Amino acid sequence: MTKPLWAPWRLEYIEQADADDGCVFCREALGELPESESLVVARGDLAFVLLNKFPYSSGHLIVAPSRHEADLAGLTEEEALAVHRLGVDALDALGRTYDPQGFNLGWNLGRAAGAGITSHVHLHVVPRWGGDTNFMPVLADVKVLPEHLLATRDRLRSAWASR
Ligand SMILES: [Zn+2]
């Protein structure tokens, strides 16, 4: 008897995918989504942090420059530093919230490298645990996560606010 896989945010995404227009990171950067729907966890002047809608693990965050820029080399010194600093802050917020045993940080540049959004560069911050038993990338692209994205977002917003 297999356990049911429940990933409601993926269903929501599939239903909304056709309706999406423009760059989702820019929409979040501009605050176009209501706070209740936004996946943004923290904002800086030049960059911001949001939850990945397609997480590899619980608490999978993305740090993006607020300005729409496709080229990593096109970031200004200030933007590159802002993304780096928010990435470091993300390690702290995730560490205090989920107590991960390690992290992967990285840039997926180009579709062949796994980038879902290629027009707006972004840094992935992925917490990891030994064994990563919830990591199921092979099975129909379904990943089993113990916590809904919006609940994760609320926990990380609180952790960020208490820094
Ligand atoms: Zn954009």
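**Some remarks on the overall build of the chain**
In step 1: Each helix and strand in the chain was counted, giving 4 helices and 5 strands.
In step 2: Order of helices (α) and strands (β) in the chain, N terminus to C terminus: α-α-β-β-β-α-β-β-α.
In step 3: The long-range share in the chain, meaning contacts at least 24 apart out of those at least 6 apart in sequence, stands at 63%.
In step 4: Carbon and sulfur atoms provide 56% of the accessible area of the chain, an area that totals close to 9200 Å².

**Some words on the coordination of the zinc ion**
In step 1: Taken together, Cys 23 (SG), Cys 26 (SG), His 68 (ND1) and His 120 (ND1) make up the protein donors of the zinc ion, found 2.0 to 2.4 Å from the metal.
In step 2: Taken together, the 4 donor atoms coordinating the zinc ion span angles of 100 to 118° at the metal, a pattern that classifies the geometry as tetrahedral.
In step 3: Of note, the donors binding the zinc ion are all from one chain and are spaced C-x2-C-x41-H-x51-H.
In step 4: Take Cys 26: its relative accessible area is 16%, and that puts it in the buried class.

**A few points about the sheet that holds strand β5 (residues 123-128)**
In step 1: In spatial order, the strands read β1-β2-β3-β5-β4; together these 5 strands make up an open sheet with antiparallel pairing. A single partner strand is all that each edge strand has here, and the edge strands are β1 (40-43) and β4 (102-106). Here the strands of the sheet are splayed against their neighbours by 20° on average, with no regard to which way each runs.
In step 2: Relative to β5, strand β3 (residues 61-65) is paired through 3 bridges, and the arrangement is antiparallel. Paired with Ile 62 across the bridge in β5 is His 124.
In step 3: Sheet strands in contact with helix α4 (residues 149-161) are β1, β2 (47-51) and β3, and its direction is about 25° off that of β1.

**Observations regarding the nonpolar core**
One broad trend across soluble globular proteins is that nonpolar side chains are buried collectively.
In step 1: Counting residues in each nonpolar core, the largest one holds 29 residues, and the members touching the most others are Val 41, Val 49, Leu 61 and Trp 160.
In step 2: Put simply, the parts of the chain that give this core at least two residues each are α2 (24-29), β1, β2, β3, α3 (77-98), β5 and α4.
In step 3: Apart from residues no more than four positions distant in its own chain, Leu 61 is found in contact with Val 41, Val 49, Leu 50, Leu 51, Asn 52, Ala 90, Leu 94, Leu 123, His 124, Val 125, Leu 156 and Trp 160.

**Some thoughts on the confidence of the model for the chain**
In step 1: A residue-level look at the chain finds 78% of positions with pLDDT of 70 or above and a mean pLDDT of 83.
In step 2: Counted against residues more than four places away or in other chains, residues 1-6, with its pLDDT under 50, gives 3 contacts.
In step 3: Considering only residues more than four positions removed or in separate chains, one finds that residues 8-19, a stretch of pLDDT under 50, has 14 contacts.

**Some words on unusual backbone geometry**
In step 1: The backbone of Asp 99 sits at a positive phi, close to 50°, despite the residue not being glycine.
In step 2: Within the secondary structure layout, Asp 99 lies in the loop between α3 and β4.

**Side note on a nonpolar patch on the surface**
In step 1: Taken together, Leu 72, Trp 107 and Leu 109 make up a surface patch of nonpolar side chains, about 250 Å² in accessible area.
In step 2: By the element assignment, Trp 107 lies in the loop between β4 and β5.

**Regarding the pairing of β1**
In step 1: The sheet contact formed by β1 and β2 spans 3 bridges and is antiparallel. Opposite Ala 42, over in β2, you have Val 49 as the bridge partner.
In step 2: Linking β1 to β2, which pair antiparallel, is a turn of 3 residues.

Rules used throughout
Residues numbered from 1 in each chain as written. Predicted model: local features only at pLDDT ≥ 70, side-chain atom pairs only at ≥ 80, totals over all residues. Heavy atoms only, no water. Helix = DSSP H or I, 4+ residues; strand = E, 2+ residues; numbered from the N terminus. Contact = heavy atoms within 4.5 Å. Areas by Shrake-Rupley, 256 points an atom, 1.4 Å probe, with all protein chains shown as cover. Donors = N, O, S within 2.8 Å, 3.2 Å for Na, K, Ca; no water. Tetrahedral: all angles 85-135°; square planar, octahedral: opposite > 155°, others 65-115°. Buried < 20%, exposed > 50% of the residue type's maximum accessible area, 1.4 Å probe, protein only. Pairing = 2+ DSSP bridges. Axes fitted to C-alpha atoms, helices over the stretch in contact; angles between N-to-C directions. Core = buried A, V, L, I, M, F, W, Y, C linked by side-chain atoms within 4.5 Å. pLDDT = per-residue confidence, 0-100. Patch = residues over 30% accessible without salt bridge, like charges linked within 9 Å, V, L, I, M, F, W, Y side chains within 5 Å. Salt bridge = Lys/Arg side-chain N within 4 Å of Asp/Glu carboxyl O.

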